[in-house]
Amino acid sequence: MRVKNREVNMKTKYLTKASLIAAIYIVLVLIQMLPVPFINLTFGPIQLRVAEGLALLPLVESAAVPGIFVGCLLANLLLAPYSGFGLVDILGGSLVTLVAAYITSKMKNKITGMIPPVVLNGLIVSIWVSYFTKVPYLVTVLGIGGGELLSVAIFGSIILSVYDKATNLKEY
């Protein structure tokens, strides 16, 4: 009976962590939408989503893989009227995020962990963003990939540092 309770507790902790990460992703995107001039940095051919800093979390937390996916899916769904890219961005962008998070979870360090979200978002999301905005594909790749790189390098490093400190706290 004790083993079964431990399994239930582990599943509960995993789901709780994933839910919290999803909520943080959504909140970060919504906060970024508040100052109207930054709307174009959340969606469009140049993107700098602060929430994408969470993309490095799968390096150290397995619950981040579903958490980031669900957070991205819900943020894209909630803000679909502002993006103008419709269902392709809601589902496509979220699936790209899921694949990038999974691959990141298999990477060995922060530097290699940055590669999947930067490359996948830059190359794949740019396909429909370029199509809908009529901005050349290469320009869109540079805008989205560059913004993703800044986000994971700056905000991702901060998030990993905070996560490390939070998980190393000891109760007294």
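Everything below is about the structure printed above this text.
Since the structure is predicted, the reported quantities are computational estimates derived from the model, not experimental observations. (Residues numbered from 1 in each chain as written. Predicted model: local features only at pLDDT ≥ 70, side-chain atom pairs only at ≥ 80, totals over all residues. Heavy atoms only, no water.)

## A few points about the overall build of the chain
Each helix and strand in the chain was counted, giving seven helices and zero strands. In the chain, the succession of α and β elements from N to C terminus is α-α-α-α-α-α-α. In terms of overall dimensions, the chain is globule-like: its C-alpha atoms have a radius of gyration of 17 Å, near the 16 Å expected for 172 residues. The principal-axis extent of the C-alpha atoms belonging to the chain is close to 60 × 30 × 30 Å. Residue burial in the chain is summarised as follows: out of 172 residues, 41% are buried. Counting only contacts in the chain whose residues sit at least 6 apart along the sequence, the fraction spanning at least 24 positions is 68%. Here the chain has roughly 9,800 Å² of accessible surface; of this, 73% comes from carbon and sulfur atoms. (Helix = DSSP H or I, 4+ residues; strand = E, 2+ residues; numbered from the N terminus. Rg over C-alpha atoms; globule rule 2.2 N^0.38 Å. Buried < 20%, exposed > 50% of the residue type's maximum accessible area, 1.4 Å probe, protein only. Contact = heavy atoms within 4.5 Å. Areas by Shrake-Rupley, 256 points an atom, 1.4 Å probe, with all protein chains shown as cover.)

## Notes on unusual backbone geometry
In this model, lysine 134 sits at a positive phi of 65°, which is unusual for a non-glycine residue. On the secondary structure map, lysine 134 appears in the loop between helix 6 (110-133) and helix 7 (137-167). For lysine 134, a relative accessible area of 66% corresponds to the exposed category.

## Regarding the environment of alanine 55
The residue alanine 55 is located in the loop between helix 2 (39-42) and helix 3 (64-78) in this model. Expressed as a C-alpha distance, the spacing of alanine 55 and glutamate 148, which sit 93 residues apart in the sequence, is 9.4 Å. Contacts of alanine 55, omitting those with residues within four sequence positions, involve Ile68, Thr104, Pro117, Glu148 and Val152.

## Considerations on the packing of helix 6 against helix 7
With their axes 8 Å apart at the nearest point, helix 6 and helix 7 run at an angle of 145° to one another. Between helix 6 and helix 7 lies a crossing whose hand is right-handed. Note on element contacts: helix 7 touches helix 6 through Tyr137, Thr140, Val141, Ile144, Gly145, Glu148, Leu149, Val152, Ala153, Ser157 and Leu160, opposite Lys110, Met114, Pro117, Val118, Asn121, Gly122, Leu123, Val125, Ser126, Ile127, Val129 and Ser130. Its residues assigned to classes, the contact of helix 6 with helix 7 shows 14 nonpolar, seven polar and two charged. (Axes fitted to C-alpha atoms, helices over the stretch in contact; angles between N-to-C directions. Left-handed = near helix turned anticlockwise from the far one by under 90°. Nonpolar A, V, L, I, M, F, W, Y, C, P; charged D, E, K, R; others polar.)

## Concerning helix 6
Relative to the 34 Å expected for 24 residues at 1.5 Å per residue, helix 6 spans 32 Å between its end C-alpha atoms, a close match to the ideal helical length. Serine 126 marks where helix 6 bends most, by close to 45°. Residue asparagine 109 occupies the N-cap position of helix 6, its side-chain oxygen lying 3.0 Å from the main-chain nitrogen of isoleucine 111. Of the residues trailing helix 6, lysine 134 is marked for its positive phi of about 65°. (Expected span 1.5 Å × (residues − 1). Bend = angle between axes of the 7 residues up to and from the residue. Polar contact = N/O pair within 3.5 Å; in protein donor to acceptor, adjacent residues only side chain to side chain.)

## So, the packing of helix 3 against helix 5 (residues 86-105)
Direction vectors running N to C along helix 3 and helix 5 enclose 165°, while the axes themselves pass 9 Å from each other. Judged by the inter-axis angle, helix 3 sits roughly antiparallel to helix 5. For the element pair helix 3 and helix 5, the recorded crossing hand is right-handed. Contacts between helix 3 and helix 5 involve Val65, Ile68, Phe69, Cys72, Leu73, Asn76 and Leu77 from the first element and Asp89, Ile90, Leu91, Gly93, Ser94, Leu95, Thr97, Leu98, Ala101, Tyr102 and Ser105 from the second. Here the contact of helix 3 with helix 5 is built from residues that sort into twelve nonpolar, five polar and one charged. (Parallel < 35°, antiparallel > 145°, perpendicular 65-115°, else oblique.)

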